[in-house]
Amino acid sequence: MGGRWAWRKSGRAALIVLGLISLAGAGGESAAATGKRFERKECLDCHTKFAARVLPLKNAHPGVRNGRCEDCHLRHGLVPKLILKQDGNRLCLECHAREKIGLDRPEVHTALKSGSCTRSHAPHPAAARRLLKAEGAQACYSCHDPKSYEKTVIHEVLRKEGCRACHRAHSSDENILLVRARTSLCLSCHDAARPETRKAHGGYPVQSADCAGCHDPHSSERKGLLRLSVHSPVAGAGCDSCHASPAADRPFALIAEGEALCLPCHEEASLKRGGEVVHAPFAKGMCLSCHDPHASGNPGLLVDRGNGTCLNCHEGRKDPVSHPHAAVTGAKGCLSCHAPHAGKSKALLVAEGAGLCLTCHAATGNAPRQKVGHAPFDEGACISCHDPHGSDTPGLLNGRADRVCFRCHTDAEADFQRSSVHRPVRIGDCVACHRPHGAAEKGLLKARGAALCAACHADLMKEEAGGASHPPFAQGDCLACHAPHASDVAGMLAGSQSRLCRECHPDVAGALEREKSRHAPAASGDCT
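The shown structure was predicted, so the numbers you read here are calculated from the model rather than taken from an experiment. (Residues numbered from 1 in each chain as written. Predicted model: local features only at pLDDT ≥ 70, side-chain atom pairs only at ≥ 80, totals over all residues. Heavy atoms only, no water.)

Engineer: Got a sec to walk through the overall build of the protein chain? Specific residues and values, please.
Structural biologist: Scanning the protein chain for helices and strands turns up 28 helices and 16 strands. What you see for the protein chain is a C-alpha radius of gyration of 41 Å, clearly larger than the 24 Å of a compact globule of 528 residues, by over 25%. Considering only C-alpha atoms, the protein chain reaches an extent of 125 × 115 × 45 Å along its principal axes. Every one of the 528 residues in the protein chain was classed for burial, and the buried ones make up 24%. The long-range fraction of contacts in the protein chain, counting pairs at least 24 apart against all pairs at least 6 apart in sequence, stands at 49%. (Helix = DSSP H or I, 4+ residues; strand = E, 2+ residues; numbered from the N terminus. Rg over C-alpha atoms; globule rule 2.2 N^0.38 Å. Buried < 20%, exposed > 50% of the residue type's maximum accessible area, 1.4 Å probe, protein only. Contact = heavy atoms within 4.5 Å.)

Put into C-alpha cells, the structure is as follows:
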C-alpha cells in the first residue's frame, strides 16, 4: 500500500517536471521566432581604432585586409588578451612554405632562424613593401649598428640601392647572405681590366683575389674604402715587396715564408723592445696568427677587435665575470699589462709585481704607511689575493674573502668551526672588521675596542639611563667576555659564564667554595 502511494507521488512529480520543460521549450521557440538571440561579432566591430589605422594602408597583411584575423589569432571574447595560434615563426610557416622563404639553404638570417620575423616585418600593416617596418637599409639597422655603414666614404651601391644589392634578406647559399660568391659579386660592378684598377693594384690580377681583404665592403674613413689599418706595401701598391711579380705564373706566391718575409722590414730588436720573455707565436714566426698581412678594420693590422686577438688562443679567459678588471675591458685591453711580442717579466708583463698594479692604483701605493701592514701587500704580492683579469667576487678577490684568508691563516679555518659563529665570519666577510692592506690597529682591525663592535651592534651598546653598567662594557672591553670569531658557548662568550664571571669576581668564587648554602643559579654558573 505504502509502495503504491510512493510510486503515485513520484509519478505526479515527473509529470509536473515534463510540463515545465514543455512550457520552456514553447517559450524558447517564441523567443527565436521574434529574433531574440546572440549575434556573432567580428573582430573589427570592437577593434575600431585598429581598423581605422590599418585598413586604409596599401601594404597590409592579407589576413587583415580580408578580415581573417582568426588565421593567426584565437578568439578571446571580452577578455583583452593577445592569443596567437602558434609561437614565433611557426605561425608564419603555416602559410609561408619553408622552401619559399629559404629555410632550406645553408646560410639563414639570424632573425629568421631564431623565430623573430617581427623584428623586420610588421604583422598587420606597414608603410614599406613586404610588410617591412622600414625601407632600404633602415630595415637592417634595427639590429645592425649603422655606424659601421655610414662612415665618411660609403660604398656607392650601398648608398644608392641599400643592403639588398649585395645581400639576400632571408637566406643564401653564400657566406654572410651574399647574393653570389664575394669576388664574383665585386666584379659584377668593378671591371678588373680597367687601366685605373690595374694601376691601383700594381698590375696584379685582383680578379682572382678576395677584395674584402683590403677594402671594407660597406664604408670607411679612408679613400678607396681601404680598411682602418693598411700594411704600407698595400697602401703604396707595392705588392711585390712580399709577392712574386705580377707577370709570374703564380703572381700571388710569397717570396719567403713566415718571419723571413716579415723581418726584413720589421726589425726583430725593435719589436722585442729589450724583452727576453718572448710571446710563443712571435718566437715561432707565426705573425699571421695575430696580424692580417694586407689590411684590417682593427688597429695594428690585428685580426680581431679588442681582446679578441688574444682570446683566439687564450680561450680560458673568454668566460664573463661579474667584476671585470677595468684594465682588461678598457681601450688598451690586454696590452694594458702585457707586451705583445716580448717582455722583461714572466707572462710578458710590462712591469713586475706591485709595480705593475701601482701604475693605475697609485693612490693605494701612495697612501701613508700604516702601523700594522698586511704581509702580502707589503711584499707587493697583489695576486696572492686578487685576480688580475676579473672575478665573480667584489674587489677582484680570487675567491670568497674567507677562503682567500684561510690560505695563509690555516689555523683559523679549523678554529672557526664552532657552534656559535660571528655573522661576518659565517658569511665569509673578513673585511667587515679587518683592513686588507694595512691598519693602525693590531690585527689589521678597522677600529679599536668597542668602536669596532658599535659599527654593527650600536643598538645593543646604548647605556641605560639611570642604570648600572658592567665595567668591561663601560670600558669598551668587549673581548673580556666575547670571542671575536667563534665560540662553543651561546652568545659567543669566550668561555663558560661560570669561569668568566669568577675570573673577575674572586670573592664570589671564594664564597661559593666555602659556604654550604649556595644559590642554585650562582652554583651552576648561570649568572645571567
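What follows picks up the thread again.
Engineer: Tell me what's going on with the pattern of salt bridges, and back it up with residues and numbers.
Structural biologist: Throughout the structure, instances matching the rule amount to 18 salt bridges. A salt bridge links Arg418 to Asp488, with the shortest nitrogen-to-oxygen separation between them at 2.9 Å. Of this pair, Arg418 sits in the loop between helix H22 (410-415) and strand S14 (420-421) while Asp488 sits in the loop between strand S16 (486-487) and helix H26 (497-504), and the two are 70 residues apart along the sequence. On the basis of relative accessibility, which here comes to 34%, the residue Arg418 falls in the partly exposed class. Here the salt bridges share partners, and the residues they tie into one network are Glu42, Glu70 and Arg75. (Salt bridge = Lys/Arg side-chain N within 4 Å of Asp/Glu carboxyl O.)

Engineer: Hey, could you go over the state of the cysteines for me, with residue numbers and the actual values?
Structural biologist: Tallying each qualifying case throughout the model produces zero disulfides. Cys290 takes part in no disulfide bond, and the closest cysteine sulfur, belonging to Cys313, lies 6.5 Å away. Cys430 provides the cysteine sulfur closest to Cys405, a residue in no disulfide bond, and the two sulfurs are 3.7 Å apart. (Disulfide = S-S within 2.5 Å.)

Engineer: Residue-level account of the layout of surface pockets, with values.
Structural biologist: Put simply, the second largest pocket is a space of about 180 Å³. In this structure, the second largest pocket is lined by 13 residues; those nearest its centre are Pro368, Gln370, Phe377, His437 and Gly438. The residue makeup of the lining of the second largest pocket, split by class, is four nonpolar, six polar and three charged. (1 Å grid on protein atoms, 1.4 Å probe; cavity = no way out; pocket = protein on both sides within 12 Å on 5 of 7 lines; lining within 4 Å. Points joined across faces, edges and corners; volume = space filled by probe spheres on them. Nonpolar A, V, L, I, M, F, W, Y, C, P; charged D, E, K, R; others polar.)

Engineer: If you had to explain the confidence of the model for the protein chain to someone new, which residues and values would you point to?
Structural biologist: In this model, the protein chain carries an average pLDDT of 87, and 92% of its residues clear a pLDDT of 70 or more. Every residue in residues 1-28 scores below 50 in pLDDT, and together they form one contact with partners more than four places removed in sequence or on other chains. (pLDDT = per-residue confidence, 0-100.)

Engineer: I'd like a description of the environment of Leu288, backed by residues and values.
Structural biologist: Tracing the sequence through the fold places Leu288 in the loop between helix H15 (280-283) and strand S9 (295-296). Sequence spacing of Leu288 and Ser245 is 43 residues, and the spatial spacing of their C-alpha atoms is 22 Å. Each residue touching Leu288, except ones within four places of it in the same chain, is listed here: Pro293 and Val303.

Engineer: Which residues make up unusual backbone geometry, and what values go with them?
Structural biologist: With a phi angle near 55°, Arg130 is a residue other than glycine that sits in the positive phi range. If you trace the backbone, Arg130 turns up in the loop between strand S3 (125-126) and helix H8 (137-140). One non-glycine residue, Met492, lies in the positive phi region at around 55°. Tracing the backbone through its elements, the reader meets Met492 in the loop between S16 and H26.

Engineer: Give me the lowdown on the packing of aromatic side chains, citing residues and values where you can.
Structural biologist: Going through the model one piece at a time under the given rule, you end up with three aromatic pairs. Relative to Tyr149, the ring of Tyr141 has its centre 5.9 Å away and its plane inclined at 25°; by these criteria the two rings are stacked. Taken individually, Tyr141 and Tyr149 each receive the classification buried, so the pair is uniform in this respect. (Phe/Tyr/Trp six-rings, centres within 6.5 Å; stacked < 30°, edge-to-face > 60°.)

Engineer: I'd like to hear about the environment of Asp507, residue by residue, with values.
Structural biologist: Residue placement: Asp507 occurs in helix H27 (residues 506-514). Asp507 gets classed as exposed once you look at its relative accessible area, which sits at 56%. For Asp507 and Leu226, which are 281 residues apart along the polypeptide, the C-alpha to C-alpha distance reads 95 Å.

Engineer: Outline the packing of H26 against H27, listing residues and values.
Structural biologist: Running from N to C, H26 and H27 point in directions that differ by 115°, and their axes come no closer than 5 Å. On H27, the residues touching Arg502, Glu503 and Cys504 of H26 are Pro506, Ala509, Leu512 and Glu513. Looking at the contact of H26 with H27 residue by residue, the classes come out as four nonpolar, no polar and three charged. (Axes fitted to C-alpha atoms, helices over the stretch in contact; angles between N-to-C directions.)

Engineer: So what's going on with the side chain of Ser172? Residues and values would help.
Structural biologist: Within the secondary structure layout, Ser172 lies in strand S5 (residues 171-172). Given a relative accessible area of 1%, Ser172 falls into the buried group. Within the structure, Ser172 has its side chain in polar contact with the backbone nitrogen of Glu174 (distance 2.9 Å). Residues contacting Ser172, with those up to four places away along its chain left out, are Arg105, Pro106, Glu107, Leu177 and Leu178. (Polar contact = N/O pair within 3.5 Å; in protein donor to acceptor, adjacent residues only side chain to side chain.)

Engineer: Explain the environment of Arg129 residue by residue, including any values.
Structural biologist: Note that Arg129 resides in the loop between S3 and H8. Taking relative accessible area as the criterion, Arg129 reaches 53% and is therefore assigned exposed. Arg129 sits 22 residues away from Glu107 along the chain, and the two C-alpha atoms are 24 Å apart. What Arg129 contacts, discounting residues up to four positions off in sequence, is Asn59 and Glu135.

Engineer: Requested: an account of the side chain of His325, with residues and values cited.
Structural biologist: Assignment of secondary structure puts His325 in the loop between strand S10 (323-324) and helix H17 (326-329). Given a relative accessible area of 16%, His325 falls into the buried group. At 2.5 Å, the side chain of His325 forms a polar contact with the backbone oxygen of Pro388. Aside from chain neighbours lying at most four places away, what touches His325 is His361, Pro388, His389, Gly390 and Leu396.

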